[in-house]
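Structural overview
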Amino acid sequence: MSDLDQLTQSLARNLKRWRGERGFTLDALAARAGVSRGMIIRIEQARTNPSVGTTVKLADALGVSITALLDYEQGPQVRLVPEEQAVRMWSTEAGSSTTLLVGTEARGPIELWSWRLMPGDASASDPHPEGTVELLHVTAGRMTLVVDGEAHHVPAGTSATFEAHVPHSYRNDGDEPAEMTMAVSIPPVRREGK
């Protein structure tokens, strides 16, 4: 499959998924985006590759990034954000500051956790419901994040996010305690017929 074919398939799958998650009918999305209903149908059926302008309009109407619509990575996605790529949003001369460590497009209930794993300890998790996303920031030591069998080494100062609908675990393979702050975004429960 060519890159263009893969991109077309990805856009079709992601547009359909995000439209469903937002609860938009074809007509509602068409009206919000200023894109014809027929174009949306062709995109969702992977029969066309829309212009960048059309893709931007659809992303804006859905309230997601273009990356969320075009991403065609296979399997669970893990994004590591090194400390130097975190975004300082505000600071004062006295030393106060806020830093955006990592973000996600997810919606629904969110949990915030504080973790401490001693050397050699591990914690495994069964898959969460589809649409669950975890975000973490390692504050001390070095954490090994294993997502669907693939290990990712996350040193202090680094943040990560991943889709948690697959088996995953946290390990401390180092010789000092590892600490992290973690947020879990859980999709809202949908009522029957919605």
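These notes cover the structure that comes with them. Everything numeric here is computed off the predicted structure, so don't read it as measured data.

1. Focus: the overall build of the protein chain
Helix and strand counts for the protein chain stand at five helices and eleven strands. Contacts spanning at least 24 positions in sequence make up 70% of the contacts within the protein chain whose residues lie at least 6 apart. Accessible surface, the protein chain as shown: approximately 11,200 Å² in total, 51% of it carbon and sulfur.

2. Some points on the sheet that holds strand 1 (residues 78–81)
Spatial strand order, 1-9-6-11-4: five strands in an open sheet with antiparallel pairing. Among the strands making up the open sheet, the edge pair consists of strand 1 and strand 4 (110–117). Looking at each pair of strands side by side, their axes are set apart by 15° on average, direction ignored.

3. Observations concerning the side chain of Asn14
Mapped onto the elements of the fold, Asn14 is located in helix 1 (residues 3–22). Of the residues examined, Asn14 reaches a relative accessible area of 7% and is grouped as buried. Not counting residues up to four positions away in its chain, the partners in contact with Asn14 are Ala68, Leu69, Leu70 and Asp71.

4. A closer look at the nonpolar core
Core analysis: the biggest nonpolar cluster contains 18 residues, and Leu15, Leu29, Ile40, Leu58, Leu62, Val64 and Leu69 have the highest contact counts within it. Contributions of two or more residues to this core are made by helix 1, helix 2 (26–33), helix 3 (37–44), helix 4 (52–62) and helix 5 (66–70). Beyond its immediate stretch of four places on either side in the chain, Leu15 contacts Leu29, Ile40, Ile43, Glu44, Leu58, Leu62 and Leu69. Core analysis: the next-biggest nonpolar cluster, separate from the first, contains 17 residues, Trp115, Phe162, Tyr170 and Met180 among them.

5. Quick look at the pattern of salt bridges
The full count for this structure, using the stated rule, is five salt bridges. In this structure, Arg37 and Asp27 form a salt bridge, with 3.0 Å as the shortest nitrogen-oxygen distance. Of this pair, Arg37 sits in helix 3 while Asp27 is found in helix 2, placing the two residues ten residues apart along the sequence. Relative accessible area serves as the criterion here: at 48%, Asp27 is assigned to the partly exposed category. Put simply, Asp173 and Arg171 hold a salt bridge, and the shortest N to O gap is 3.0 Å. Under the relative-accessibility criterion, Asp173 is labelled partly exposed at 48%.

6. Notes on the packing of helix 1 against helix 4
The N-to-C vectors of helix 1 and helix 4 enclose an angle of 25°; their axes lie 10 Å apart at closest approach. Classified by the interaxial angle, the pair formed by helix 1 and helix 4 is roughly parallel. Considering how the two elements wind past one another, helix 1 and helix 4 form a crossing that is left-handed. Along its contact with helix 1, which presents Leu11, Leu15, Trp18, Arg19 and Arg22, the element helix 4 presents Thr55, Leu58 and Leu62. Its residues assigned to classes, the contact of helix 1 with helix 4 comprises five nonpolar, one polar and two charged.

7. Focus: the packing of aromatic side chains
Summed over the entire model, instances satisfying the criterion amount to one aromatic pair. Between the aromatic rings of Trp115 and Tyr170, the centroid separation amounts to 4.9 Å while the plane-to-plane angle is 55°, which identifies the pairing as tilted. Of this pair, Trp115 sits in strand 4 while Tyr170 sits in strand 10 (residues 168–171); the two residues are 55 residues apart in sequence, bridging distant segments of the chain. The burial state of Trp115 is the same as that of Tyr170; both residues are buried.

Conventions we followed
Residues numbered from 1 in each chain as written. Predicted model: local features only at pLDDT ≥ 70, side-chain atom pairs only at ≥ 80, totals over all residues. Heavy atoms only, no water. Helix = DSSP H or I, 4+ residues; strand = E, 2+ residues; numbered from the N terminus. Contact = heavy atoms within 4.5 Å. Areas by Shrake-Rupley, 256 points an atom, 1.4 Å probe, with all protein chains shown as cover. Pairing = 2+ DSSP bridges. Axes fitted to C-alpha atoms, helices over the stretch in contact; angles between N-to-C directions. Buried < 20%, exposed > 50% of the residue type's maximum accessible area, 1.4 Å probe, protein only. Core = buried A, V, L, I, M, F, W, Y, C linked by side-chain atoms within 4.5 Å. Salt bridge = Lys/Arg side-chain N within 4 Å of Asp/Glu carboxyl O. Parallel < 35°, antiparallel > 145°, perpendicular 65-115°, else oblique. Left-handed = near helix turned anticlockwise from the far one by under 90°. Nonpolar A, V, L, I, M, F, W, Y, C, P; charged D, E, K, R; others polar. Phe/Tyr/Trp six-rings, centres within 6.5 Å; stacked < 30°, edge-to-face > 60°.

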